[in-house]
Amino acid sequence: MGHAPAIRLANLTHAYADGRTALAGVTFAAAAGERVALVGPNGAGKTTLFLRVCGVLAGKRGEVTVAGLDPADPAHRKRLPEAVGVVFQNPDDQLFSASVLDDVAFGPLNLGLSREDAAARASESLARVGLPGFGDRVPHNLSGGEKRRAAIAGVLAMRPTVLLLDEPSMYLDPRGRRDLIGLVNGLPGTVLVATHDLEFVLDTCSRAVILDAGRVVADGDPRTLFADAALMDRHGLEVPPRLAAIRTG
Amino acid sequence: MSLAPTHPSPPDSPLARWDSRWKLAAIAFLVAGTACVRSTPAAAAFFAVAVGLALLGRIPRRAILGRVGLVLFAVVPVLVVVPLTVDDGLVPALGVGFRALAIGTFALVLVRTAPLHRTLAAAHRLRVPGVLVQVTQLAHRYTFLLAAEARRTRTALRTRGFRPRTDAHTYRTTGQAVGGLLVRGGERADRVAAAMRCRGFDGTFHTLTAFRTTAADGLGFALAAAVAVGLVAADRYF
């Protein structure tokens, strides 16, 4: 018998209060340790899917299982923060404390760790994302790349087994983006990345799921999927320059 | 270039080294004393104490003058209207002005001589409810973001030729810009709440900030309390 998947979505459906359907029967699974990219045009349902997986949006039981927990079950939902980490699109939404160290330690303290253990975890996470010595800085004085790293540190400090990254390369300059690729490749556990940045996917993920209008329209190796110009065009995407150069070269 | 405002670190000084809990308690005493006095000389004395503390805290003079100017701007109506409408109103108006200046300068001393997270942690240790501490922390954090967004909106308006005038177009545009900021602020509040829940937030305020008290911290508090009590007593009995 094989291991249970880290993330399993079974006919996941979600409609907003205004009647708009964001997800219409999404089904896929990600194995433990797998790196999966979720790509698609604006409004495809990527962020809604993330919000369902981390339990921010309510839903029906049985549609989502993540790290063995069902976010629709109130008892499971309480245990989700220690199993699932989410890095939101805009790091300013995630860095709400008055100092970087307090922010990174926010999650561990909520998990009930002592101040000493939380501080040790926070310092370790800051060092891991390349921000040692940033603990006393105030979040609004950090650069875009530093904010992104601090937000990731805040999630890593909780040691989740599943990590959800929503548009991680947004707002980053080329150097920040390059550094982030190195960082994401070194992350432990299962990683799900929602992004428009297909070059970023080629550098970090072994599998891509294309979403369009709330449905899975393709699932497979990113190089194969992204090289299919007709598929990309049909779903509001473009062949990444790197693959286009190989085709024309 | 970023349009975000910068946040200066507190300069090293005896006040910066003062345990934030004792400092907060001392300043609370001084502010309460300022609010209690009735005579103008006593209010002026409290203002002098506040300025002395600001100088001891090595707060840049420009920041002190800026704060004094801001408070004066706020109390201008009192300073102008009371002397003109009340018999012998000049001295009471000055008393109000000195009290406002003293309290404003004490607040400046508090926020410019320690990082905010230390002051908030100190407030929590002094039994200020966690909800108040968290609301203050979030308000401070997102005020800077709102200010940066307001600056970007202003820049965007100017690059499209908008120049404020006293006409309907200006009022409408300003209203739309402010409305947009508020709507975006509301949406951001939802996202921040979601991010907090995802990291296990259950409403409890936690902080890593640790404090250590020395004899000098307690002595500083005793001195400030003695000054406050002495000035209030002088005001009442002499």
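What comes next is a walk through the structure. This structure is a prediction, so every number in the text was calculated from the model and none was measured.

The next point concerns unusual backbone geometry. All names here are of chain B. We note that Arg58 has phi near 55°; this positive angle belongs to a residue other than glycine. For Arg58, a relative accessible area of 52% gives the class exposed. Phi is positive for Arg127, which is not a glycine, with a value near 70°. Structurally, Arg127 is set in the loop between α6 (116–125) and α7 (130–159). Relative accessible area serves as the criterion here: at 75%, Arg127 is assigned to the exposed category.

All names here are of chain A. Position of Val64 among the secondary structure elements: in strand β4 (residues 64–66). When its relative accessible area of 2% is taken as the criterion, Val64 is described as buried. In this structure the C-alpha to C-alpha distance between Val64 and Phe134, which are 70 residues apart in sequence, comes to 37 Å. Beyond its immediate stretch of four places on either side in the chain, Val64 contacts Arg8, Leu9, Leu12, Arg52, Val53, Leu69, Asp70 and Pro71.

Our focus in this paragraph is the sheet that holds strand β8 (residues 207–212) of chain A. Residue and element names in this part refer to chain A. Strand order in the open sheet made by the six strands is β5-β6-β7-β3-β8-β9, with mixed pairing throughout. Across the chains shown, the open sheet's two edge strands, defined by having one partner strand only, are β5 (84–87) and β9 (215–220). Across the sheet, the axes of successive neighbouring strands diverge by a mean angle of 20°, strand direction being ignored. Its contacts with the sheet place helix α1 (residues 46–53) against β3 (35–39), β6 (162–166), β7 (190–195) and β8, and it is angled at close to 150° to β7.

How each quantity is defined
- Residues numbered from 1 in each chain as written.
- Chains lettered and ligands numbered in written order.
- Predicted model: local features only at pLDDT ≥ 70, side-chain atom pairs only at ≥ 80, totals over all residues.
- Heavy atoms only, no water.
- Buried < 20%, exposed > 50% of the residue type's maximum accessible area, 1.4 Å probe, protein only.
- Helix = DSSP H or I, 4+ residues; strand = E, 2+ residues; numbered from the N terminus.
- Contact = heavy atoms within 4.5 Å.
- Pairing = 2+ DSSP bridges.
- Axes fitted to C-alpha atoms, helices over the stretch in contact; angles between N-to-C directions.

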